Amino acid sequence: MTSSPALASVRDVSKTFGSRKALDGVSLEVAAGEMVALIGPSGSGKSTLLRSITGLQTIDAGAGVIEVFGEAVQKNGRLTGQARAARRRVGMIFQQFNLVGRLSLFTNVMLGALGRLPAWRGLLGQWPGEDRRRAMAALHRVGVSDYAAQRANTLSGGQQQRGAIARALVQGARGIVADEPVASLDPVSARRVMELLVELNRRDGLGVIVTLHQVDYALRYCDRVVALKAGKVVYDGPSTRLDTRILIDIYGPEYEDAFWETKS
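Residues numbered from 1 in each chain as written. Predicted model: local features only at pLDDT ≥ 70, side-chain atom pairs only at ≥ 80, totals over all residues. Heavy atoms only, no water.

## A closer look at the overall build of the protein chain
Then step 1. If you tally the helices and strands in the protein chain, you get nine helices and 11 strands.
Then step 2. Taken over C-alpha atoms, the radius of gyration comes to 18 Å for the protein chain, in line with the 18 Å a tight globule of 264 residues would show.
Then step 3. The C-alpha extent of the protein chain, read off along each of the three principal axes, is 55 × 45 × 45 Å.
Then step 4. Out of the 264 residues in the protein chain, the part that is buried amounts to 51%. (Helix = DSSP H or I, 4+ residues; strand = E, 2+ residues; numbered from the N terminus. Rg over C-alpha atoms; globule rule 2.2 N^0.38 Å. Buried < 20%, exposed > 50% of the residue type's maximum accessible area, 1.4 Å probe, protein only.)

Have a look at this one:
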């Protein structure tokens, strides 16, 4: 029996902006069914790593390689011919939701189907019935089906973020990468979003990589934590082993500032 290809395989990847190394020889593998938190101080390289995995950011030329579900996305500082197909298998959740504010929530969720439909159907709003049913089922699952007809920019942040998750479900994503998905939310909405990601991981088997500023959320919701500092991986292991000594090494003596609920 062969194992499923990894959600993401990152080997010796670097990214330089001017004189600063945002990523410095990073290697990381996330299995298809894992839920992994990326933590670290601001500027540590978390978002750059996530954007590189999805092909939104090219890496430095050299030996670095990034694969998604066994398909090479980047080699030698360039996107490969497989990058677009690999990207369709991964739902991207952004901090600021990335919904089109003037469109209804339903239409925003339907945009997840564009990768498998002719472009003209999306432009004219001629969605197949099966995709319409899939969109409403996804909205119901994340708890915002009552707002399907409402313009996205009239919804709360938590409602918009759940809509973004529903869009990934309509996309048919096999994995989710989420870049600070709860940073703009109140604690109640943030917990709801994290619980949805856990459910998708455990019930549906979707791999999840999520960057978090809130260490307590990483400890609560993710079995594995990867910490970056100055573009390097400084911890990769079980969340249960993240003790005070390691957290001070990652964040410095004011590490408690990285805990949300101790400050709320």
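## Brief notes about the pairing of strand β7 (residues 90–93)
Then step 1. Side chains of β7 alternate between two faces, with V90 and M92 and G91 and I93 buried alike.
Then step 2. Examined bridge by bridge, β7 and strand β8 (residues 175–179) share four bridges and lie parallel to one another. Paired with I93 across the strands is A178, a residue of β8. (Pairing = 2+ DSSP bridges.)

## Points about the packing of aromatic side chains
Aromatic ring pairs are reported here in terms of the distance separating the ring centres and the angle at which the planes meet.
Then step 1. In this structure the tally under the stated criterion is one aromatic pair.
Then step 2. Judged by centre distance (5.7 Å) and plane angle (75°), the rings of Y217 and Y221 are edge-to-face. Highlighted residues: Y217 and Y221, both in helix α8 (residues 215–221), separated by four residues, approximately one helical turn.
Then step 3. The lysine or arginine in question, K15, covers the ring of F17, its NZ or CZ lying 5.2 Å from the ring centre.
Then step 4. We note R174 situated over the ring of F69; from NZ or CZ to the ring centre the distance is 4.1 Å. (Phe/Tyr/Trp six-rings, centres within 6.5 Å; stacked < 30°, edge-to-face > 60°. Lys NZ or Arg CZ within 6 Å of the ring centre and 35° of its normal.)

## Looking at the nonpolar core
Then step 1. Counting residues in each nonpolar core, the largest one holds 55 residues, and the members touching the most others are L139, I165, I176, V182, M194, L212 and L242.
Then step 2. Broken down by element, the residue count for this core peaks at seven residues, all from helix α7 (residues 187–204). (Core = buried A, V, L, I, M, F, W, Y, C linked by side-chain atoms within 4.5 Å.)

## Thoughts on the pairing of strand β10 (residues 224–229)
Then step 1. The buried fraction of β10 amounts to five of the six residues, a majority that puts the element mostly inside the structure.
Then step 2. Note: strand β3 (residues 35–39) against β10, four bridges, orientation parallel. Paired with L38 across the strands is V226, a residue of β10.
Then step 3. Taken together, the six bridges between β10 and strand β11 (residues 232–238) define a ladder with antiparallel strand orientation. By the bridge assignment for β11, V226 is matched with D236.
Then step 4. Two successive antiparallel strands, β10 and β11, enclose a turn made up of two residues, where A230 displays a positive phi of approximately 55°.

## Some thoughts on the environment of A149
Then step 1. In this structure, A149 sits in the loop between α5 (129–141) and α6 (157–171).
Then step 2. The class for A149 is exposed, based on a relative accessible area of 73%.
Then step 3. Remark: the alpha-carbon pair of A149 and R132, spanning 17 residues in sequence, is separated by 13 Å.

## Quick notes on α7
Then step 1. With 18 residues, α7 ought to run about 26 Å at 1.5 Å a step, and its terminal C-alpha atoms sit 25 Å apart, in line with that.
Then step 2. All of the buried residues along α7 are S189, A190, V193, M194, L196, L197, V198, L200 and N201.
Then step 3. The inward-facing, buried residues of α7 contact β3, α5, α6, β8, β9 (207–211) and α8.
Then step 4. The N-cap residue of α7 is D186: its side-chain oxygen and the backbone nitrogen of V188 are 3.0 Å apart.
Then step 5. Backbone geometry just after α7 places G205 at a positive phi near 75°. (Expected span 1.5 Å × (residues − 1). Contact = heavy atoms within 4.5 Å. Polar contact = N/O pair within 3.5 Å; in protein donor to acceptor, adjacent residues only side chain to side chain.)

## Quick notes on the side chain of R162
Then step 1. The residue R162 is located in helix α6 in this model.
Then step 2. Polar side-chain contacts of R162 include one of 3.3 Å to the backbone oxygen of V142.
Then step 3. If we ignore the near neighbours within four places in the chain, the residues touching R162 are V142, G143, V144, R192, V193 and L196.

## Re the environment of M35
Then step 1. Tracing the backbone shows M35 in strand β3.
Then step 2. Along the backbone, M35 and G175 are 140 residues apart, and their C-alpha atoms lie at a distance of 9.6 Å.
Then step 3. M35 has contacts with M194, L197, V198, N201, V208, Y221, C222, D223 and R224, leaving out every residue within four places of it along the chain.

## So, the sheet that holds strand β5 (residues 71–75)
Pairing between the strands of a sheet comes from backbone hydrogen bonds, and it takes one of two forms, parallel or antiparallel.
Then step 1. The sheet built from five strands is open, its strands ordered β2-β1-β4-β5-β6 with antiparallel pairing. Either end of the sheet is taken by a strand with one partner, and the two such strands are β2 (20–30) and β6 (78–79).
Then step 2. Of the pairings in the sheet, the one linking strand β1 (residues 8–17) to β2 comprises seven bridges and is antiparallel in character. By the bridge assignment for β2, V13 is matched with V26.
Then step 3. Its contacts with the sheet place helix α1 (residues 46–53) against β1, β2, β4 (65–68) and β5, and it is angled at close to 60° to β2. (Axes fitted to C-alpha atoms, helices over the stretch in contact; angles between N-to-C directions.)

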